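What follows is the residue order along each chain.
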Amino acid sequence: MTCDAHLGPIAHGGYCVARVDGRVVFVRGGLPGEDVSIEITDDSHASHWFAQVVSIRHPSPYRVTPPCPVAQLCGGCDFQHVELGQQRELKGAVLAEQLNRIAGIDWHGTVQPIPGSEDGLGWRTRMQYRSLDGVPALRGHRSHDLVAVPDDGCPLAHPAGRAAATVAAPHTQDLLLVTVSAASTDDPQVSVINDGELVLGATPVTESVGDRRWKVDASGFWQVHPHAAQTLGSVVLEELAPRPGETALDLYCGVGGFALSIAHEARARGAHMDVTGIEITNEAIESARGSAKRHGFAGAVGPLTTPEPSVRAHFDTADATEWARHQPNLPEAVVVNPPRRGIGDALAAVLNDSGVHTIAYSSCNPETLAADLARMPNYRIARVRLIDMFPHSAHNEALVLLTRVTAGES
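The sheet built from five strands is open, its strands ordered β1-β4-β5-β3-β2 with mixed pairing. Every other strand in the sheet has two partners, leaving β1 (2-6) and β2 (16-20) as the edge strands with one partner each. This sheet shows a mean twist of 45° between the axes of neighbouring strands, independent of strand direction. With five bridges joining them, β1 and strand β4 (residues 35-42) adopt antiparallel strand pairing. What sits directly across from aspartate 4, in β4, is serine 37.

Below you can see the structure in the form of structure tokens.
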């Protein structure tokens with residue numbers, strides 16, 4: 001079904017909100033204020049439909065020609081038709097709406113661009129492809145249909161990985177992982193995992209944050225933008241500001257990036273510090289332990305027996321919620337960087353009732369972030385930072401600093 005629509009505000013997921021015969025329709029490929037023709041792509045929900053822009057009668061001044069010819073078909077790029085600065089304005093509007101509607105938080109901040117993405121292209125160091133007639137392909141939007149990438153590769157993919165995907169695609173029927181290690185920007189290393197088997201490069205790969213190195217499984221988690229780990233780590237350190245002599249906790253720590261950054265900062269200050277990292281994936285914890293040992297932070301966390309400054313980092317494989325609820329006391333400073341589903345009721349309740357004085361919550365999902373913040377009334381929002389780590393998509397990374405409400409505060 002095709003019909004005309006006037007596009008209203010931006011919504012979570014990169015859609016504009018429209019109304020057709022009184023029904024809410026989430027429209028992809030538009031911009032607020034545009035008059036367009038849309039095609040209904042999903043009418044299976046009683047409360048709302050989904051649609052795609054098929055033609056534009058009155059375009060927004062922020063509309064641009066997408067750099068990729070299949071941008072509107074592929075599920076990975078929501079905003080290629082939007083001028084890059086305006087993309088950030090839209091992402092800020094989404095976060096502000098979610099925080100206000102779900103958590104009652106009034107936020108009017110700006111979005112911080114990530115370094116190294118002046119045009120927003122060539123940044124994805126981890127790509128998951130399928131093969132379509134021997135050509136690398138990606139999933140379509142809200143679909144299992146495959147969309148072949150352009151002849152010169154996905155414009156968002158790191159240039160070093162595009163050729164490797166093209167070479168490997170004719171030989172795979174399932175999942176093709178292409179990882180570009182950004183530890184050396186002059187000579188990036190490419191690893192390819194074809195149907196679960198390493199066929200090119202190495203695993204683990206070496207990643208970097210500043211002058212520090214991490215070993216990460218080629219199929220494991222690491223920030224996909226080459227500058228994301230360092231940018232986000234710096235923001236977390238700046239906001240959390242762990243104090244000498246206190247303890248720190250990194251929940252959902254992955255390979256220990258935040259935890260070891262805190263440990264390095266403490267060492268630079270000549271301070272005592274115990275840091276604990278918790279992650280459910282054992283491979284990631286083994287990597288974190290190896291990094292702690294190489295950086296001189298390995299050792300069990302417990303009472304310090306020496307007056308000299310000592311910084312130690314300890315990592316455990318555990319479910320974050322189960323681990324936290326069985327601790328008699330949590331550290332004074334906590335970083336949480338959960339998956340898109342957020343921390344949920346149980347962990348939010350543990351943190352809300354804890355004695356933690358500062359929490360730095362990093363999130364890539366504004367909806368679950370807002371829901372989790374609403375679950376912790378014993379904390380106030382000291383600051384919200386939004387970083388555009390995923391140009392041309394509707395995704396972003398928010399860092400919220402929470403401080404405990406003291407007696408007499410409201």
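Counting through the fold element by element, histidine 392 comes out in the loop between β20 (379-388) and β21 (397-404). Taking the relative accessible area as the measure of exposure, histidine 392 reaches 5% and is therefore buried. Here the side chain of histidine 392 touches aspartate 119 through a polar contact of 3.0 Å, landing on its backbone oxygen. Residues in contact with histidine 392, not counting those within four places in the same chain, are Cys77, Asp78, Phe79, Gln80, Leu84, Gln87, Asp119, Gly120, Leu121 and Leu156.

Time to look at unusual backbone geometry. Of note, the amide linkage connecting threonine 203 to proline 204 takes the cis form, showing an omega dihedral of 5°. As for its placement among the helices and strands, proline 204 is situated in the loop between β12 (197-200) and β13 (205-209). Positioned with a positive phi, tyrosine 252 is a non-glycine residue whose angle comes to about 60°. Here tyrosine 252 shows up in the loop between β15 (247-251) and α4 (257-269). Of note in this structure, histidine 392 is not a glycine but carries a positive phi near 75°.

Within the largest apolar cluster, 61 residues are counted, with the highest numbers of intra-cluster contacts made by Tyr129, Cys154, Ile262 and Phe315. By residue number, the principal contributor to this core is helix α3 (residues 228-240), which donates seven residues. Those residues in contact with tyrosine 129 that sit more than four places away from it in its chain are Pro136, Ala137, Leu138, Val149, Cys154, Ala157, Ala165, Asp174, Leu175, Leu176 and Val178. Among the nonpolar cores identified, the runner-up in size contains 34 residues, and Ile105, Leu249, Val334 and Tyr379 belong to it.

The strand order β9-β8-β7-β10-β11-β12 describes an open sheet built from six strands, whose pairing is antiparallel. Edge positions in the sheet fall to β9 (146-148) and β12, since each has one partner strand and no second. If you compare each strand with its neighbour and ignore which way they point, the axes differ by 40° on average. Pairing of strand β7 (residues 126-132) with strand β10 (residues 176-181) involves four bridges; the strand directions are antiparallel. From the neighbouring strand, glutamine 128 faces β10, where its bridge partner is leucine 177.

On a regular strand, each side chain points to the face opposite its neighbour's, so the side chains alternate between the two faces of the sheet. Where burial is concerned, most of strand β19 (residues 358-363) is hidden: six out of the six residues are buried. Of the two faces of β19, the one holding Thr358, Ala360 and Ser362 and the one holding Ile359, Tyr361 and Ser363 are both buried throughout. Direction of pairing for strand β18 (residues 333-336) relative to β19: parallel, over a ladder of four bridges. Within the sheet, the bridge partner assigned to valine 336 lies in β19 and is tyrosine 361. Taken together, β18, helix α7 (residues 344-352) and β19 constitute a β-α-β crossover, and its handedness is right-handed. Relative to β21, β19 runs antiparallel, the two sharing six bridges. Each residue of the ladder has a partner; that of serine 362, found in β21, is leucine 399.

This part takes up the layout of surface pockets. Within this model, the second largest pocket holds a volume of roughly 280 Å³. Contributions of two or more residues to the lining of the second largest pocket are made by β4 and β5 (48-58).

Turning next to the environment of asparagine 329. Turning to its location among the elements, asparagine 329 is positioned in the loop between α6 (320-325) and β18. The exposure class assigned to asparagine 329 is exposed, which follows from its relative accessible area of 64%. Taking the C-alpha atoms as reference, asparagine 329 lies 14 Å from leucine 347; in sequence the two are 18 residues apart.

With that out of the way, let us pick up the confidence of the model for the protein. On average, residues of the protein carry a pLDDT of 90, and 95% of them reach 70 or more. Predicted confidence in the protein is weakest over strand β14 (residues 212-216), with a mean pLDDT of 83, and strongest over helix α8 (residues 366-374), with 97.

This part covers α4. In this model, α4 (13 residues) spans 19 Å end to end at C-alpha, consistent with the 18 Å of a helix rising 1.5 Å per residue. Every buried residue belonging to α4 is among Gly257, Phe258, Ala259, Leu260, Ser261, Ile262, Ala263, His264 and Ala266, and all of these are buried. A positive phi of about 65° marks glycine 270, the residue just after α4.

Our next topic: the pairing of β2. Only one face of β2 is covered, namely the face carrying Cys16, Ala18 and Val20; the face carrying Val17 and Arg19 is uncovered. Sheet topology places β2 next to strand β3 (residues 23-28); five bridges connect them, and they run antiparallel. Paired with cysteine 16 across the two strands is valine 27, which belongs to β3. Connecting β2 to the next strand, β3, in antiparallel fashion are two residues, including aspartate 21 with a positive phi near 55°.

The rules behind these values
- Residues numbered from 1 in each chain as written.
- Predicted model: local features only at pLDDT ≥ 70, side-chain atom pairs only at ≥ 80, totals over all residues.
- Heavy atoms only, no water.
- Pairing = 2+ DSSP bridges.
- Helix = DSSP H or I, 4+ residues; strand = E, 2+ residues; numbered from the N terminus.
- Axes fitted to C-alpha atoms, helices over the stretch in contact; angles between N-to-C directions.
- Buried < 20%, exposed > 50% of the residue type's maximum accessible area, 1.4 Å probe, protein only.
- Polar contact = N/O pair within 3.5 Å; in protein donor to acceptor, adjacent residues only side chain to side chain.
- Contact = heavy atoms within 4.5 Å.
- Core = buried A, V, L, I, M, F, W, Y, C linked by side-chain atoms within 4.5 Å.
- Right-handed = clockwise from strand over helix to strand, strands pointing away.
- 1 Å grid on protein atoms, 1.4 Å probe; cavity = no way out; pocket = protein on both sides within 12 Å on 5 of 7 lines; lining within 4 Å.
- Points joined across faces, edges and corners; volume = space filled by probe spheres on them.
- pLDDT = per-residue confidence, 0-100.
- Expected span 1.5 Å × (residues − 1).

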